[in-house]
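Reading the structure
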Amino acid sequence: MPHTPDSILLVCVGGPDIGKRLAVSARPATVGRSSSCEAASDDPEVAQEHLILKLDGGKVNFSASADCVAFVDSQRVVTGSFSPGQQLRIGRSLWEIRNPSNSSSDLYSLLGGIGDRISQVAGGEKLEGFNLPEMFSEIWRKRSDEDMENYFAVGTPLNTPKLGDVETSWPKPWFFFKTFMLAALVYLGFLFAYDQFSNENLLPGLLIIGSFVMPLTLLILFFEVNVLRNVSLYQVLKLSLLGGILSLILSLFLYQWTNLGLTGTWFGALGVGLVEETGKAAALLLVLNKLKYRWILNGMLFGAAVGAGFAGFESAGYAYRFGIQNITTRGLLALCGGHVLWTALVGGALWRVRGDQRFQWVMLRDMRFLRAFGLAVAMHMVWDAPLEPPLHVKDIVLGFIVWAALLSFIQTGLLQIRAAQTIGATEFFKQRNLADSVAKGP
């Protein structure tokens, strides 16, 4: 028979009570602002005795006091239970179950430790409370066309949620997968038609849809991750098109000026990384001074938009020069790295530094930006380097690195929103700007 634990540890991973711990056993334990509670909360939205938790049969059961509620994975509840992998929100604080480590989780712990080091190198924070199956648990839910149409009606004053209403638990994107399935189906339709009829009129459509399947899919993913819902689809598509062509032009100018377009060598790969990441970062100037977009998750979305435009146009060029097979290969490998992911990382770092202030060139010397930008350049360099181990090992390793960094930045963005919800956005950025000025010194 499986062993039933005598107690289970709960840890607050976000919000005003972040870092606090509570051991739940068969004896009831209370979370609230009262000093008599086993977990004394600092959250102003938590009642004096908000929630009672108890371990029963290996499950953590809870019940809210009168006029109080809690949320399990964003679902409003008064009583119930929750399990490992789920998040319990009490007020604005997120709590999770921490299981004791065991031998079966050694590999997971090892990968988690490596991911934490990558996050540190990128300037992010240690990943807490992330559960991959839970994050993508909404993919298969059936939705109507009306639901999907309303999903994109965001970003205007009439349909942008107030800051206090933004849900800051890990997002659960789903539309990106439907986008991929639809675009992939159209791409396969073009392939079938061209194979059957060899009609060259099909080639432009095949090149266009094939080049944009994965960039568009990843762009929609970052659109969904922007839980603030304050950026319209029009703004995203406009930046993708304008930012894509502008970043290409800037990169070509830089190649011409620096003569770094050499290929087939490590020096050439370094030059490609420096030139193209600089060109894409410069294209973000199109929206960098729109101060209503002041959040890290906004920057990640804008970076993904520029990267998607660059990636799609570049892939179309490669397919035109080297053949249709190049589209499929580049599309599949885009999940492991590429312009969308690298520029999303750079955009998140740039917006993290900029905050609610107008852009100044001195911000590019901030280590929070330089770490992420340097990591993106390094990944780009290795991607293009003359190093081809078997079984796409290089691509898989690069994919692990970039997603570890991106998830860390997504978490940092969620924590930024939670902190602003607690004290207000104006006061949050005021304190942040003061802390930055103190850190820089006179």
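Here, the structure is the one placed above.
First, a word on what this report is: a plain description of the structure on this page. (Residues numbered from 1 in each chain as written. Predicted model: local features only at pLDDT ≥ 70, side-chain atom pairs only at ≥ 80, totals over all residues. Heavy atoms only, no water.)

**Let's talk about the sheet that holds strand β8 (residues 75-77)**
Spatially, the 6 strands line up as an open sheet ordered β2-β1-β11-β10-β7-β8, and their pairing is antiparallel. Of all the strands in the sheet, just β2 (21-25) and β8 have a single pairing partner and so form its edges. Ignoring strand direction, the axes of neighbouring strands in this sheet form an average angle of 35°. The pairing of strand β1 (residues 7-14) with strand β11 (residues 93-98) spans 5 bridges and is classified as antiparallel. Note that in β11 the partner of L10 across the bridge is I97. (Pairing = 2+ DSSP bridges. Helix = DSSP H or I, 4+ residues; strand = E, 2+ residues; numbered from the N terminus. Axes fitted to C-alpha atoms, helices over the stretch in contact; angles between N-to-C directions.)

**Remarks on the pattern of salt bridges**
This model, assessed by the stated rule, comprises 11 salt bridges. Where E45 meets R92, a salt bridge forms, and the shortest distance between an N and an O atom there is 2.6 Å. Of this pair, E45 sits in the loop between β4 (39-40) and β5 (51-56) while R92 sits in the loop between β10 (88-90) and β11, and the two are 47 residues apart along the sequence. Looking at E45, the relative accessible area reads 41%, which means it is partly exposed. With a shortest N-O distance of 3.4 Å, E167 and R89 are connected by a salt bridge. Of this pair, E167 sits in the loop between α3 (145-151) and α4 (175-197) while R89 sits in strand β10, and the two are 78 residues apart along the sequence. In the salt-bridge network here, residues are joined through shared partners; they are D17, K20 and D42. (Salt bridge = Lys/Arg side-chain N within 4 Å of Asp/Glu carboxyl O. Buried < 20%, exposed > 50% of the residue type's maximum accessible area, 1.4 Å probe, protein only.)

**Quick notes on the sheet that holds strand β9 (residues 79-82)**
With mixed pairing, the 5 strands of this open sheet are ordered in space as β4-β3-β5-β6-β9. A strand with exactly one partner marks an edge of an open sheet, and here the two such strands are β4 and β9. The pairing of strand β3 (residues 29-32) with β4 spans 2 bridges and is parallel. Note that in β4 the partner of G32 across the bridge is A40.

**Description of the environment of W170**
Here W170 is to be found in the loop between α3 and α4. The spatial distance from the C-alpha of W170 to the C-alpha of F130 is 7.1 Å, given a sequence separation of 40 residues.

**Focus: empty space enclosed by the protein**
A water-sized probe, rolled over the atoms, reveals where empty space remains. Evaluation of the coordinates by the stated rule reveals 3 cavities of 30 Å³ or more. Taken together, 14 residues line the largest cavity, and the ones lying closest to its centre are D73, Q87, E134, W170 and K172. Along the lines of polarity and charge, the residues of the lining of the largest cavity split into 4 nonpolar, 6 polar and 4 charged. (1 Å grid on protein atoms, 1.4 Å probe; cavity = no way out; pocket = protein on both sides within 12 Å on 5 of 7 lines; lining within 4 Å. Points joined across faces, edges and corners; volume = space filled by probe spheres on them. Nonpolar A, V, L, I, M, F, W, Y, C, P; charged D, E, K, R; others polar.)

**Considerations on the pairing of β2**
Moving residue by residue along a regular strand, the side chains alternate between the two faces of the sheet. Residues of β2 alternate between two faces, with L22 and V24 buried on one and R21, A23 and S25 left unburied on the opposite face. Sheet topology places β1 next to β2; 5 bridges connect them, and they run antiparallel. When the sheet's bridge partners are listed, L10 is paired in β2 with L22. In this structure, the hairpin formed by β1 and β2 is closed by a connection of 6 residues, where G15 is found at a positive phi of approximately 100°.

**Examining a negative patch on the surface**
On the surface, D145, E146, D147 and E149 cluster together to form a negatively charged patch. Looking at the element boundaries, E149 is found in helix α3. (Patch = residues over 30% accessible without salt bridge, like charges linked within 9 Å, V, L, I, M, F, W, Y side chains within 5 Å. Areas by Shrake-Rupley, 256 points an atom, 1.4 Å probe, with all protein chains shown as cover. Lys, Arg positive; Asp, Glu negative; His and termini not counted. Charge placed at Lys NZ, Arg CZ, Asp CG, Glu CD.)

**Some points on unusual backbone geometry**
One non-glycine residue, D67, lies in the positive phi region at around 65°. Within the secondary structure, D67 is located in the loop between β6 (59-64) and β7 (70-72). Classification of D67 by relative accessible area gives exposed; the value is 84%. Backbone geometry places L391, a non-glycine residue, at a positive phi of 60°. Here L391 is to be found in the loop between α11 (367-384) and α12 (393-423). We classify L391 as exposed; its relative accessible area is 74%.

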